[in-house]
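# Per-entry structural report
Chain by chain, the residues:
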Amino acid sequence: LQRMNSPGPDEFAPSPALALSAAAATSAGRVRPTNEDRHLVDSDHACFAIADGIGGLPYGERASECAIRCLVRELARLDAPPARPLDQVVAACHQ
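Every value quoted in this text rests on a predicted model; they were computed, and no experiment measured them.

### A look at the packing of helix α1 (residues 60–78) against helix α2 (residues 86–93)
The interhelical angle for the contact between α1 and α2, taken along N-to-C directions, is 145°, at an axis separation of 9 Å. Like other packed secondary-structure pairs, α1 and α2 cross with a definite hand, here right-handed. Residues Cys70, Leu71, Glu74, Leu75 and Leu78 of α1 form the contact with α2, whose own contacting residues are Leu86, Val89, Ala92 and Cys93.

Right, dumping it as structure tokens:
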């Protein structure tokens, strides 16, 4: 935000658009044979997430996949009325 030339100290104008470029990658690492981690890059909503696969515990890959799928589902609902803040999206995924 950029401060506007106005008498109020709390008045701000939106700053110019920010160009954002994102990428993601994961690796199984050196210890485990499979990669249980999942990630999300949603530049439309400026949401980036990493779900750790719980370090080799049973069904860790399912837990991380479920977390990312939930985020994708809830983010899709952001564009449909009524609009919800991102913290409500994350809270819905914790249920």
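### Topic: the environment of Arg69
With respect to the helices and strands, Arg69 occurs in helix α1. A relative accessible area of 57% places Arg69 in the exposed class. Put simply, Arg69 and Cys93 are 24 residues apart on the chain and 9.2 Å apart in space, counted from C-alpha to C-alpha.

### Notes on the environment of Leu71
Tracing the backbone through its elements, the reader meets Leu71 in helix α1. Looking at Leu71, the relative accessible area reads 13%, which means it is buried. Spatially, the C-alpha atoms of Leu71 and His94 are 10.0 Å apart, while their sequence positions differ by 23 residues. Once residues lying within four places of it in the same chain are set aside, the contact partners of Leu71 are Leu40, Ala49, Val89 and Cys93.

### Focus on the pairing of strand β4 (residues 47–51)
Where burial is concerned, the two faces of β4 differ: the one with Cys47, Ala49 and Ala51 is buried and the one with Phe48 and Ile50 is not. Here strand β3 (residues 38–42) pairs with β4 via five bridges, running antiparallel. Looking at β4, one finds that Val41 is bridged to Phe48.

### So, the confidence of the model for the protein chain
Taken over all residues, the pLDDT of the protein chain has a mean of 76, while the share at 70 or more is 76%. Here strand β1 (residues 2–3) stands out as the element of the protein chain with the lowest mean pLDDT, 42, in contrast to β3, whose mean of 90 is the highest. A low-confidence stretch, residues 1–7 stays under pLDDT 50, and its non-local contacts, those more than four residues away or across chains, total 17 contacts.

### Considering the nonpolar core
With nine residues, the main nonpolar core is built from Leu40, Cys47, Ala49, Ala51, Ile68, Leu71, Leu75, Leu78 and Val89. For this core, the secondary structure elements donating two or more residues are β4 and α1. Per element, the largest residue contribution to this core is four residues, and it comes from α1.

### Observations concerning the state of the cysteines
One pass over the full model with this rule turns up zero disulfides. Between Cys66, a free cysteine, and Cys70, which holds the nearest cysteine sulfur, the sulfur-to-sulfur gap is 6.6 Å.

### Focus on a nonpolar patch on the surface
A contiguous nonpolar surface patch, about 260 Å² in accessible area, is contributed by Leu20, Val41 and Phe48. One can find Phe48 in strand β4. Phe48 sits in the partly exposed class, given a relative accessible area of 42%.

Calculation rules
Residues numbered from 1 in each chain as written. Predicted model: local features only at pLDDT ≥ 70, side-chain atom pairs only at ≥ 80, totals over all residues. Heavy atoms only, no water. Axes fitted to C-alpha atoms, helices over the stretch in contact; angles between N-to-C directions. Helix = DSSP H or I, 4+ residues; strand = E, 2+ residues; numbered from the N terminus. Left-handed = near helix turned anticlockwise from the far one by under 90°. Contact = heavy atoms within 4.5 Å. Buried < 20%, exposed > 50% of the residue type's maximum accessible area, 1.4 Å probe, protein only. Pairing = 2+ DSSP bridges. pLDDT = per-residue confidence, 0-100. Core = buried A, V, L, I, M, F, W, Y, C linked by side-chain atoms within 4.5 Å. Disulfide = S-S within 2.5 Å. Patch = residues over 30% accessible without salt bridge, like charges linked within 9 Å, V, L, I, M, F, W, Y side chains within 5 Å. Areas by Shrake-Rupley, 256 points an atom, 1.4 Å probe, with all protein chains shown as cover. Salt bridge = Lys/Arg side-chain N within 4 Å of Asp/Glu carboxyl O.

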